[in-house]
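# Structural features, examined
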Amino acid sequence: MNYLCLIYLAREAFDHPVVAEALDEQTDACLDTWRQRAVLLAGGPLQPSETATTLRLRHGQLLLDDDPVAPADELVRFCLIEARDLNDAIRLAASLPCGRLGGIRIHPVAPSRTRDTLTTHPANPNERFTS
């Protein structure tokens, strides 16, 4: 089963660039291990929340909002992983060093009912998603 891990860091972590950089390097090393084990399907760092746009459709109108919600933690990275079950996904996510200065939200990915969704090719973990 696939799980989406949303990785958050406490905003205070950005006040200490040396700590944040070391944590980022440790996280990259962990993700490299996941890649080698073919459990990391996709992932990467995200730009700061200030660069994000929220899209909403209301009453037939497209509304765009550039103002981020101001959570205590900043969403900094995402990972799409393959795990046997939720306990396995939790075990994997718990190995990420960034959990020490933030949090990791784990979402099970619902099975698709259409063919218009992202698909993976587990036989080749280096192959990209296709739509």
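Below or above, wherever it landed, is the structure these notes cover. (Residues numbered from 1 in each chain as written. Predicted model: local features only at pLDDT ≥ 70, side-chain atom pairs only at ≥ 80, totals over all residues. Heavy atoms only, no water.)

## Focus on the sheet that holds strand S1 (residues 2-10)
By definition, the strands of a sheet pair up through backbone hydrogen bonds, in either a parallel or an antiparallel sense. In spatial order, the strands read S2-S5-S1-S6; together these four strands make up an open sheet with antiparallel pairing. With one partner strand each, in any of the chains shown, strand S2 (40-45) and strand S6 (102-108) form the two edges of the open sheet. Ignoring which end each strand starts from, the neighbouring axes of this sheet average 20 degrees apart. As defined by bridge partners, S1 adjoins strand S5 (residues 73-82) across nine bridges and the pair is classed as antiparallel. Pairing of Tyr3 across the sheet is with Ile81, part of S5. Along the sheet face, helix H1 (residues 17-36) touches S1, S2 and S5 and points at about 15 degrees away from the line of S5. Here helix H2 (residues 86-94) sits on the sheet and contacts S1, S5 and S6; the angle it forms with S6, its principal contact strand, is near 155 degrees. (Pairing = 2+ DSSP bridges. Helix = DSSP H or I, 4+ residues; strand = E, 2+ residues; numbered from the N terminus. Axes fitted to C-alpha atoms, helices over the stretch in contact; angles between N-to-C directions. Contact = heavy atoms within 4.5 Å.)

## Quick notes on a nonpolar patch on the surface
Judged by side-chain polarity, Leu55, Leu57, Leu62 and Leu64 come together as a nonpolar surface patch covering roughly 440 Å² of accessible area. Given a relative accessible area of 57%, Leu64 falls into the exposed group. (Patch = residues over 30% accessible without salt bridge, like charges linked within 9 Å, V, L, I, M, F, W, Y side chains within 5 Å. Areas by Shrake-Rupley, 256 points an atom, 1.4 Å probe, with all protein chains shown as cover. Salt bridge = Lys/Arg side-chain N within 4 Å of Asp/Glu carboxyl O. Buried < 20%, exposed > 50% of the residue type's maximum accessible area, 1.4 Å probe, protein only.)

## Quick look at H2
Turning to H2, its buried residues are Asp88, Ala89, Leu92 and Ala93. Buried residues of H2 fall within an arc of 135 degrees about the axis and therefore sit on the same side. What points out from H2, more than 90 degrees from its buried face, is the exposed set Asn87 and Ala94. The N-cap residue of H2 is Asp85: its side-chain oxygen and the backbone nitrogen of Asn87 are 3.2 Å apart. (Arc of directions from axis to C-beta. Polar contact = N/O pair within 3.5 Å; in protein donor to acceptor, adjacent residues only side chain to side chain.)

## Quick notes on H1
Over its 20 residues, H1 extends 29 Å from the first C-alpha to the last, a length consistent with the 28 Å expected when each residue adds 1.5 Å. If you check which residues of H1 are buried, you get Ala20, Leu23, Thr27, Cys30, Leu31 and Trp34. Across the axial projection of H1, the buried residues extend over an arc of 100 degrees, all falling on one side. Along H1, the residues that are exposed and aim more than 90 degrees away from the buried face are Pro17, Val18, Glu21 and Gln36. Looking at the packing, one finds that the buried side of H1 touches S1, S2, S5 and H2. Phi for Ala38, located one or two positions after H1, is positive at around 60 degrees. (Expected span 1.5 Å × (residues − 1).)

## Observations regarding the pairing of strand S4 (residues 61-65)
Among the five residues in S4, zero count as buried, and that is only a small part of the element. Alignment of strand S3 (residues 54-58) against S4, held across five bridges, turns out to be antiparallel. Its bridge partner lying in S4, Leu57 is registered against Leu62. Where S3 folds back onto S4 in an antiparallel hairpin, the turn is made up of two residues, including His59, whose phi is positive at roughly 50 degrees.

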